[in-house]
Amino acid sequence: MDAETRSALRDVEQRVAIMGEEEMAATVTRFGIRSPKGNALQPPFRFNLMFQTQIGPEGQQKGYLRPELAQGIFMNFKKMYDFNGGRMPF
């Protein structure tokens, strides 16, 4: 890898967090970035890692849980199921 490419990649590394979808797609194309198996990548798109839930007394408002907080719902389900005598814990 030549010095110019190395410098350009360092610049990308510094700016990747603020890049938009189009700029990321252009960067992937510019540097020929491929998957570990050598396949072409799909264009980048926005997605949300947060878990959506309903909050409030009637569940009318949307709320979002961070993944590390929401994992307790799944990890503790069997324990709560057994604790409640084999009934759903809600």
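From a predicted model like this one, the values you see are computed outputs, not experimental measurements. Residue positions are given per chain, counted from 1 along the sequence in the order it is written. Reporting of local features is limited, given that this is a predicted model, to residues whose pLDDT is at least 70; pairs of side-chain atoms are given and counted only at 80 or more, and all residues count toward the totals for whole chains, interfaces and linings. Only hydrogens and water are set aside when side-chain values are computed; all heavy atoms of the structure are taken into account.

### Let's talk about the overall build of the chain
Note the following rule: Per the convention used, a helix needs a DSSP run of H or I reaching at least four residues, while a strand needs a run of E reaching at least two, with both numbered from the N terminus. The atom set for the radius of gyration is the C-alpha atoms, and the globule formula is 2.2 Å times the number of residues raised to the power 0.38. Relative accessibility under 20% of the residue-type maximum defines a buried residue, over 50% an exposed one, and the middle range a partly exposed one, all with a 1.4 Å probe and only protein chains included. Should any heavy atoms of two residues lie within 4.5 Å, those residues are counted as being in contact. All accessible-area figures derive from a Shrake-Rupley calculation using a 1.4 Å probe, and residue coverage is judged against the displayed protein chains alone. When charges are counted, neither His nor the chain ends are considered; positive counts come from Lys and Arg and negative counts from Asp and Glu. By convention, the point assigned to a charge is CZ for Arg, NZ for Lys, CD for Glu and CG for Asp.
Regarding its fold elements, the chain presents four helices and two strands. Seen in sequence order, the chain has helices and strands lined up from the N terminus as α-α-β-β-α-α. Computed over the C-alpha atoms, the radius of gyration of the chain is 22 Å, more than 25% above the 12 Å expected from 2.2 N^0.38 for a compact globule of 90 residues. Expressed as lengths along the three principal axes of its C-alpha atoms, the size of the chain is roughly 65 × 30 × 20 Å. Scored against the burial criterion, the 90 residues of the chain give a buried share of 8%. Pairs at least 24 residues apart make up 6% of the contacts formed inside the chain by residues separated by at least 6 positions. Put simply, the chain shows about 8,200 Å² of open surface, and 56% of that area lies on carbon and sulfur atoms. Computed over 12 positive and 10 negative side-chain charges, the inter-centroid distance for the chain is 8 Å.

### Considering a nonpolar patch on the surface
Applicable threshold: Patches here are clusters of residues that have more than 30% relative accessible area and form no salt bridge, with a 9 Å joining cutoff for like charges and a 5 Å cutoff for nonpolar side chains (Val, Leu, Ile, Met, Phe, Trp, Tyr). Salt bridges, as used here, are contacts in which a Lys or Arg side-chain nitrogen is within 4 Å of a carboxyl oxygen on Asp or Glu.
A cluster of nonpolar side chains, namely F45, F47 and L49, defines an oily patch on the protein surface of about 390 Å² accessible area. For F47, the location among the structural elements is in the loop between α2 (21–31) and β1 (51–55). On the basis of relative accessibility, which here comes to 59%, the residue F47 falls in the exposed class.

### Considerations on the environment of F83
Within the fold, F83 resides in helix α4 (residues 77–83). Separated by 29 residues in the primary sequence, F83 and Q54 place their C-alpha atoms 25 Å from one another.

### A few points about the packing of helix α1 (residues 3–15) against α2
Note the following rule: A fitted line through C-alpha atoms serves as each axis, taken over the contacting stretch for helices, and the angle formed by two N-to-C directions is quoted from 0 to 180°. Oblique is the label for any angle not under 35 degrees, not over 145, and not in the 65 to 115 range, which are roughly parallel, roughly antiparallel and roughly perpendicular in turn. Working rule for handedness: look at the near helix, and if it is turned counterclockwise from the far one by less than a right angle, call the crossing left-handed; if clockwise, right-handed. Note on residue categories: nonpolar means Ala, Val, Leu, Ile, Met, Phe, Trp, Tyr, Cys or Pro, charged means Asp, Glu, Lys or Arg, and polar means any other residue, Gly included.
Running from amino to carboxyl end, α1 crosses α2 at an angle of 155°, the nearest separation of the two axes being 12 Å. With respect to α2, the axis of α1 lies roughly antiparallel. Handedness of the crossing formed by α1 with α2: left-handed. Residues T5, A8, L9, V12 and R15 of α1 lie in contact with α2, whose contacting residues are E23, T27, R30 and F31. Residues that form the contact of α1 with α2 fall into these classes: four nonpolar, two polar and three charged.

### Remarks on the environment of P44
Mapped onto the elements, P44 comes out in the loop between α2 and β1. In this structure P44 comes out as partly exposed when scored by relative accessible area, which is 28%. Taking the C-alpha atoms as reference points, P44 and T29, 15 residues apart in sequence, are found 11 Å from one another. In this structure, P44 is in contact with E21, M24 and A25, ignoring residues within four places of it in sequence.

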